[in-house]
Amino acid sequence: MARIVVDPITRIEGHLRIEAEVQNGKIVNAYSSGTMVRGFELILKGRDPRDAWAFTERACGVCTTVHALASVRAVENALGIIIPPNAELVRNLMFCAQYMQDHVVHFYHLHALDWVDVVSALKADPNETSRIAQSISSWPKSSPKYFSDLQKRLTAFVNSGQLGIFANGYWGHPAYKLPPEINLIGVAHYLEALEWQKEIVKVHTIFGGKNPHPNYLVGGAPCSVNIDEANAINSERLAMVGQLLKDAKEFINQVYIPDLLAVAPYYLDWAGIGGGLPNYLAYGDLPTNGYADVAKFKFPRGAILNRNLNEVLEVDGSDAEQVQEFISHSWYEYSDGNDVGKHPWVGETKLNYTGPKPPYEYLNVEEKYSWLKTPRWKGNPMEVGPLARMLVAYASGRKDVQELVNSVLGKLGAPVTALFSTLGRTAARGLETILIADWGLEFYDQLLANIKNGDTRMFNKDKWEPDTWPGEAKGVGLSEAPRGALAHWIVIKDKLIDNYQLVVPSTWNASPRDPKGQLSAYESALIGTPVANSEQPLEILRTIHSFDPCLACAVHLYDEKGTYVHQIQTF
Amino acid sequence: MVQKPLTIYENMQMQGYSRRDFLKFASWLAAFIGVEASGLGSIVKAMETKSRLPVVWFHFQECTCCSESFIRSSHPIVSDIILDKISLDYTETLQAAAGHQAEAALHETMDKHKGEYLMLVEGSVPTEEDGIYCCIGGRTALDIVKQAAADAKAIVAWGSCASNGCIQAANPNPTGATPIHKIVSGTPIINVPGCPPIGEVMAGTIVHLLAFDRIPQLDGLGRPKAFYSRRVHDTCYRRPNYDAGLFVESFDDENAKRGYCLYKMGCRGPVTYNACGVTRWNNGVSFPIQSGHGCIGCSEANFWDNGPFYQHLASFPGFGIETTADDIGVVLGVATAAGIAAHAVSTNIRKKKLINDEIEKNRIAKIEKEEGGL
């Protein structure tokens, strides 16, 4: 049996290593390892809770803002702060902008090269390329001349002998199935998307001052509205947001989605590969009636076990029996044994590297092999991310989601079960982007309506000053990062952070085995994945990239003591 | 057949840019990097004759915000230049190859272009426990950075992580996170701090290296003078409010709605050297202060440990200018005179040293207090 090592996994955020055992051309066993650690929670201890958003936001610069959002919610939850409706809308708009940018960048810049053969595009007929492009979309950049110019540029690039980011790719691999013309469309839109993505993030710049890493604020949003002032959110700023949202919707509907639908039919075999875990978890997000009213979230909250779409189970972040983390295969130690699970409010950690001394060839996968801990929901390994969100929404009876999913599956002639796969994951990401583009405009209209009605409030100052806080408090902030369910747990004592913990999407998906030997999502999804050439692990990248890995925030460590606190806020 | 590498000008022609576009870009570039009109010819010549610079981009302890910021660089032609004029042979974020093939691409560049490649580093390097807190391809970041640095033409340390350690180096720095300049010696290093740095500043730094084949003028901390010689406070469009004693007293109050100075909300503009007030963010759309939140000082070393973000600077004893500013808020009558006096003091370099000393003293006191409490 051959053991393949892919390290680094590229086109992701962070440092991920996959070791896989291959037998008869298929993966029979897989191990996922995070190989970098920074120590966030130790650093947060003793800080002002109002500063935590800035620290945790730096957990990830790709899905920037999501940790800031989870963090301000955790603090607001702990202190009982209700934010004004406009601040919720601004957060929602920033959320939507992040999703649109992140999902498009993932599709074109992190995932597309697994499906699109750049070198094959050199052989495309520009006239035929133009015909195909115009048959799938009304996007204006589609003339034969446009594709022919691009092809010349690409040819010169390849002939220069300096392939740059395309060097040593798996070009010509038998698993590439697209005709040269669709490859050329893919390359064209790779470059266009690179230009486009820097536009939509300006929504963050307007409300948060910069991107990546815009500013957030406990109690609301830092920007003020004053339609009669140049130095505030006024009609010019709002008009820019509206235009950005409209342009983004057009790009998504005219470029991203048509490309996704044009590529998918050539890879329908991948609707039967990479399914992995049968369990899905979503915390839900995008409040339309305040963060406390979970039933009114655009993305519903819930869990699905054993792919049973007839039942959505209730999820509670403050329930000590629900979310727990294990370390039996992670480079940490617990004071009361290697195999126990701990709820984040009482989590503990001590770094304990027991892996091989670098440079190493293989990890000792029988023992500890990752800096990621292993989270479980009621003891079950769960997949999180776009697929989990779409399935939970579908199973919860959300009409907009059901109609969209059914219509796309209909077009592809695929059953609902096709979603439980590598292709399904990639498709679900596209589907939710369509919804997000519409929702963003709804939130925008609502913000305008509020301002028109005279409500310009952005901040609730009632509990801003620490002397208004109780001696001890704890809270949870739940959110949906583009990559899946995200939660921060905070314990505040004497006005300072006593314990702070993050359980993030890639920790759910990329973690090592638990004490029962249950595999997490990546490891599980890789089993059964074909590998045509172990020197060119293209198929491994397809399945791993379908999750959109983001490792920097998945690895962190916890305060060693769990402190009893009397005040418990639920959400 | 492999042809001779294309020059920057040839590459631009391939993309359909006219000679006029090319010259426009060259003159923009000249202005961007502060060259006199008479020097324009040398830029044009350099770009007509140079092939693509081999570049390797490393990721260590980081969050990839620098890469993300880099691709936000706004002037359209610049992103083409960056993609097509340098040869980005290794980057975990964007490259097609993974695993062995990615490492092979890295080593091919390092061997073939020994002493000629540009090394870009995003992230700090953990040094505790022999560096096992960050491994790539089974090797420690520490090992990788030392090897790659030895034969690099120059190093650009992107962002605060690589320049000063940033968040993972914040107290108590659990993994021994260390900036590049404390690990590497003998190779020129350009520090481009910020969390992240502004995209156009990153592009501008590369473009400078590309066009002139030499590193830009650096300050005492190794930062390009073009972008880090002014305090955010000195280039802030809200500065007149500061000088007039007009301050935001609480987020979203009436003064916030008028865009008054955010100094009392903890703004670090007075102690932060960066181009935010001039270049602004995301093609000049805004910057933190313009959007209502104070600067958190993300381009300064140890900014995470320089006190809570919403505690304003006067809370640091000995920080004369801010004590003055506090008085301004109270006694409006003397605001203008005091503001001018404060201004004069604030631009004094000696004062900056005092401020930094004070911050360092506070930081040490904080660590000592915590250690004493264990």
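Residues numbered from 1 in each chain as written. Chains lettered and ligands numbered in written order. Predicted model: local features only at pLDDT ≥ 70, side-chain atom pairs only at ≥ 80, totals over all residues. Heavy atoms only, no water.

Draft legend 1. Broad picture of helix H7 (residues 141–150) of chain B. Looking at H7(B), one finds that the buried residues are B:Ala141, B:Leu142, B:Ile144, B:Val145, B:Ala148 and B:Ala149. For H7(B), the arc enclosing every buried residue in end-on projection is 165°, short of the 170-degree limit, so these residues lie on one face. (Buried < 20%, exposed > 50% of the residue type's maximum accessible area, 1.4 Å probe, protein only. Helix = DSSP H or I, 4+ residues; strand = E, 2+ residues; numbered from the N terminus. Arc of directions from axis to C-beta.)

Draft legend 2. Here's a closer look at the nonpolar core. By size, the foremost hydrophobic cluster in this structure holds 220 residues, and its most contacted members are A:Met100, A:Phe207, A:Ile540 and B:Trp158. Aside from chain neighbours lying at most four places away, what touches A:Met100 is A:Trp196, A:Ile200, A:Leu245, A:Ala248, A:Ile252, A:Thr433, A:Ile436 and A:Ala437. By size, the runner-up hydrophobic cluster in this structure holds 28 residues, among which are B:Phe58, B:Phe60, B:Met110 and B:Ile144. (Core = buried A, V, L, I, M, F, W, Y, C linked by side-chain atoms within 4.5 Å. Contact = heavy atoms within 4.5 Å.)

Draft legend 3. Local environment of the pairing of strand S3 (residues 26–34) of chain A. Residues and elements named next belong to chain A. The buried count for S3 comes to 7 of 9 residues, which makes it a mostly enclosed element. Examined bridge by bridge, strand S2 (residues 16–23) and S3 share 8 bridges and lie antiparallel to one another. Pairing of Val-22 across the sheet is with Ile-27, part of S3. Hairpin connection of S2 to S3: 2 residues between the antiparallel strands, including Asn-24 at a positive phi of 50°. (Pairing = 2+ DSSP bridges.)

Draft legend 4. Quick look at the interface of chain B and chain A. Counting residues at the interface gives 92 residues for chain B, matched by 101 residues for chain A. Buried surface at the junction of chain B and chain A, both sides included, amounts to about 8000 Å², of which 55% is carbon and sulfur. At the boundary of chain B and chain A, one finds 1 salt bridge. In this structure, the salt-bridge partner of B:Asp305 is A:Arg47, at a minimum N-O distance of 2.9 Å. Listed by contribution, the elements that provide at least two residues to the side of chain B that touches chain A are helix H4 (65–71), helix H5 (76–85), strand S2 (86–91), helix H6 (99–112), strand S5 (135–136), strand S6 (139–140) and helix H12 (254–257) of chain B. Top contributing element to the side of chain B that touches chain A by residue count: H6(B), with 7 residues. Residue composition of the side of chain B that touches chain A, grouped by class: 44 nonpolar, 31 polar and 17 charged. (Buried area = accessible area lost by both parts, 1.4 Å probe. Salt bridge = Lys/Arg side-chain N within 4 Å of Asp/Glu carboxyl O. Nonpolar A, V, L, I, M, F, W, Y, C, P; charged D, E, K, R; others polar.)

Draft legend 5. Summary view of the sheet that holds strand S10 (residues 496–503) of chain A. Residue and element names in this part refer to chain A. Taken together, 3 strands build an open sheet; the order of strands is S8-S9-S10 and the sheet is antiparallel. At either end of the open sheet lies a strand with only one pairing partner, and these are strand S8 (472–481) and S10. When strand polarity is set aside, the average angle formed by the axes of neighbouring strands in this sheet is 15°. With 10 bridges joining them, S8 and strand S9 (residues 484–493) adopt antiparallel strand pairing. Looking at the pairing, Gly-477 lines up with His-488 of S9. (Axes fitted to C-alpha atoms, helices over the stretch in contact; angles between N-to-C directions.)

Draft legend 6. Fine view of helix H7 (residues 180–200) of chain A. The end-to-end C-alpha distance of H7(A), which contains 21 residues, comes to 30 Å, matching closely the 30 Å that a straight helix rising 1.5 Å per residue would cover. Within H7(A), 17 of the 21 residues are buried, leaving the element largely enclosed by the surrounding structure. (Expected span 1.5 Å × (residues − 1).)

Draft legend 7. Quick peek at the sheet that holds S3(A). All names here are of chain A. Read from one edge of the open sheet, 3 strands run S1-S2-S3, paired in antiparallel fashion. Either end of the sheet is taken by a strand with one partner, and the two such strands are strand S1 (2–6) and S3. With strand direction ignored, the average angle separating the axes of adjacent strands in the sheet is 20°. The pairing of S1 with S2 spans 5 bridges and is classified as antiparallel. Looking at S2, one finds that Ile-4 is bridged to Ala-20.

Draft legend 8. Spatial organisation of the packing of aromatic side chains. Residues and elements named next belong to chain A. Taken as a whole and judged by the stated rule, the model has 42 aromatic pairs over all chains. Ring geometry for Trp-139 and Phe-251: centres 5.5 Å apart, planes at 90°, overall edge-to-face. Here Trp-139 is found in the loop between helix H5 (126–136) and helix H6 (144–159), whereas its partner Phe-251 is found in helix H9 (residues 235–263), with 112 residues between them in sequence. A connected cluster of aromatic rings, assembled from ring pairs, spans Phe-157, Phe-166, Trp-171, Tyr-176 and Tyr-190. We note Arg-389 situated over the ring of Phe-299; from NZ or CZ to the ring centre the distance is 5.4 Å. (Phe/Tyr/Trp six-rings, centres within 6.5 Å; stacked < 30°, edge-to-face > 60°. Lys NZ or Arg CZ within 6 Å of the ring centre and 35° of its normal.)

Draft legend 9. Expanded view of the confidence of the model for chain A. Counting all residues, the mean pLDDT for chain A is 93, and 96% of those residues have values of 70 or more. A low-confidence stretch, residues 556–571 of chain A (pLDDT under 50), is modelled with 67 contacts involving residues beyond four sequence positions or located in other chains. (pLDDT = per-residue confidence, 0-100.)

Draft legend 10. The packing of helix H4 (residues 85–111) of chain A against helix H15 (residues 538–546) of chain A, seen in detail. All names here are of chain A. At their nearest, the axes of H4 and H15 sit 11 Å apart, and the two run at 165° to each other. Here H15 runs roughly antiparallel to H4, going by the angle between their axes. Crossing of H4 over H15 shows right-handed handedness. Residue-level inspection shows His-106, Leu-110 and His-111 of H4 in contact with H15, the latter providing Arg-542, His-545 and Ser-546. Taken together, the residues that form the contact of H4 with H15 break down as 1 nonpolar, 4 polar and 1 charged. (Parallel < 35°, antiparallel > 145°, perpendicular 65-115°, else oblique. Left-handed = near helix turned anticlockwise from the far one by under 90°.)

Draft legend 11. Region of the structure containing unusual backbone geometry. For the peptide bond that leads from A:Pro358 to A:Pro359, omega is -5°, which places it in the cis range. The topology assignment puts A:Pro359 in the loop between strand S6 (323–326) and strand S7 (374–377). Residue B:Pro196 is reached from B:Cys195 by a cis peptide bond, and omega for that bond is -10°. Examined against the element boundaries, B:Pro196 turns out to sit in the loop between strand S9 (189–192) and helix H9 (199–212). The backbone of A:Lys378 shows a phi angle near 50°, a positive value even though the residue is not glycine. Mapping A:Lys378 onto the fold places it in the loop between S7 and helix H10 (386–395). Looking at A:Lys378, the relative accessible area reads 48%, which means it is partly exposed.

Draft legend 12. Region of the structure containing the side chain of A:Glu181. All names here are of chain A. Along the chain, Glu-181 turns up in helix H7. The side chain of Glu-181 is buried and forms no salt bridge, while Arg-131, the nearest opposite charge, is found at 8.3 Å. Residues within four places of Glu-181 in sequence aside, it is in contact with Ala-124, Asp-125, Glu-128, Thr-129 and Ile-132. (Lys, Arg positive; Asp, Glu negative; His and termini not counted.)

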